[in-house]
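# Commentary on secondary and tertiary structure
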Amino acid sequence: MQESIDSRFFRNACGQFLTGVTIVTTTGENGKPVVITANSFTSVSLGPPLILVSLDKKLGSYSAFMNSEGFAVHVLAEEQQELSGYFAKRGVDKFQELDYKEGLYHVPVISNALAVFECKVDQKVDVGDHTLLLGRVERVQINDPTRRPLGYLRGRYTVPEQEKELTK
């Protein structure tokens, strides 16, 4: 049996994995838009189309996501780094000056994201200090695929320098 793993060391090790940066939105019980910045997003299934977002149970908006019928995941482009940081802050009206429209399940859909996945909540899986929120993708859009995606690696934002195929 392995000794207990230090949580900071574990987090640093996970930070060696390059991820994309997303904004996840839903609607709270009061009808107000709710948003978080997340890099724990992945596709799960092509048939049916399912995606997964991992939510920390300590999030102030946790109950809104747990009680919502739907959510949207927005993949950010490199020029949206500031937006990512803004949504990661606490205690600000995050939708005050934001350009968005109402999507499926009354969920806010942010304009100009690189890609958007609008989902119906399919399953919620309780695991440790997080809940895995699985969404059945009901609408997807790609906005200008020539833009570079925003990434996160080793605790910092990054963008791919160039796309190149490593193997054939």
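The rules behind the values
- Residues numbered from 1 in each chain as written.
- Predicted model: local features only at pLDDT ≥ 70, side-chain atom pairs only at ≥ 80, totals over all residues.
- Heavy atoms only, no water.
- Helix = DSSP H or I, 4+ residues; strand = E, 2+ residues; numbered from the N terminus.
- Buried < 20%, exposed > 50% of the residue type's maximum accessible area, 1.4 Å probe, protein only.
- Contact = heavy atoms within 4.5 Å.
- Areas by Shrake-Rupley, 256 points an atom, 1.4 Å probe, with all protein chains shown as cover.
- Core = buried A, V, L, I, M, F, W, Y, C linked by side-chain atoms within 4.5 Å.
- Patch = residues over 30% accessible without salt bridge, like charges linked within 9 Å, V, L, I, M, F, W, Y side chains within 5 Å.
- Salt bridge = Lys/Arg side-chain N within 4 Å of Asp/Glu carboxyl O.
- Pairing = 2+ DSSP bridges.
- Axes fitted to C-alpha atoms, helices over the stretch in contact; angles between N-to-C directions.

It is worth spelling out the overall build of the protein chain at this point. A tally of helices and strands in the protein chain yields 3 helices and 12 strands. For the protein chain, with 168 residues in total, the buried portion stands at 38%. A sequence separation of at least 24 residues applies to 63% of the contacts in the protein chain between residues at least 6 apart. Working note: accessible area of the protein chain is about 10,800 Å², and carbon and sulfur atoms make up 50% of it.

Val24, Leu55, Phe65, Phe71 and Phe117 are the most contacted members of the largest nonpolar core, which totals 22 residues. Counting only elements with at least two residues in this core, the list comes to strand 3 (33-38), strand 5 (49-56), helix 2 (62-67), strand 6 (70-75), strand 9 (115-127) and strand 10 (130-142). Each residue touching Val24, except ones within four places of it in the same chain, is listed here: Val34, Val35, Ile36, Ala38, Val53, Phe65, Phe71, Ala72 and Val73. Counting 11 residues, the second-largest nonpolar core is a separate cluster that includes Phe87, Phe95, Leu98 and Leu150.

Together, Ile5, Phe9 and Phe10 give the surface a local cluster of nonpolar side chains, amounting to about 340 Å² of exposed area. For Ile5, a relative accessible area of 45% corresponds to the partly exposed category.

Strand order in the open sheet formed by 3 strands is 1-11-12, with antiparallel pairing between adjacent strands. A strand with exactly one partner marks an edge of an open sheet, and here the two such strands are strand 1 (19-20) and strand 12 (156-158). As paired strands, strand 11 (residues 151-153) and strand 12 are joined by 3 bridges and run antiparallel to one another. Bridging across to strand 12, Leu153 finds its partner in Arg156.

So, on to the sheet that holds strand 4 (residues 41-46). Strand order in this open sheet of 7 strands is 3-2-6-9-10-5-4, and the pairing throughout is antiparallel. On the outer flanks of this sheet lie strand 3 and strand 4, each paired with one strand and no other. Across the sheet, the axes of successive neighbouring strands diverge by a mean angle of 30 degrees, strand direction being ignored.

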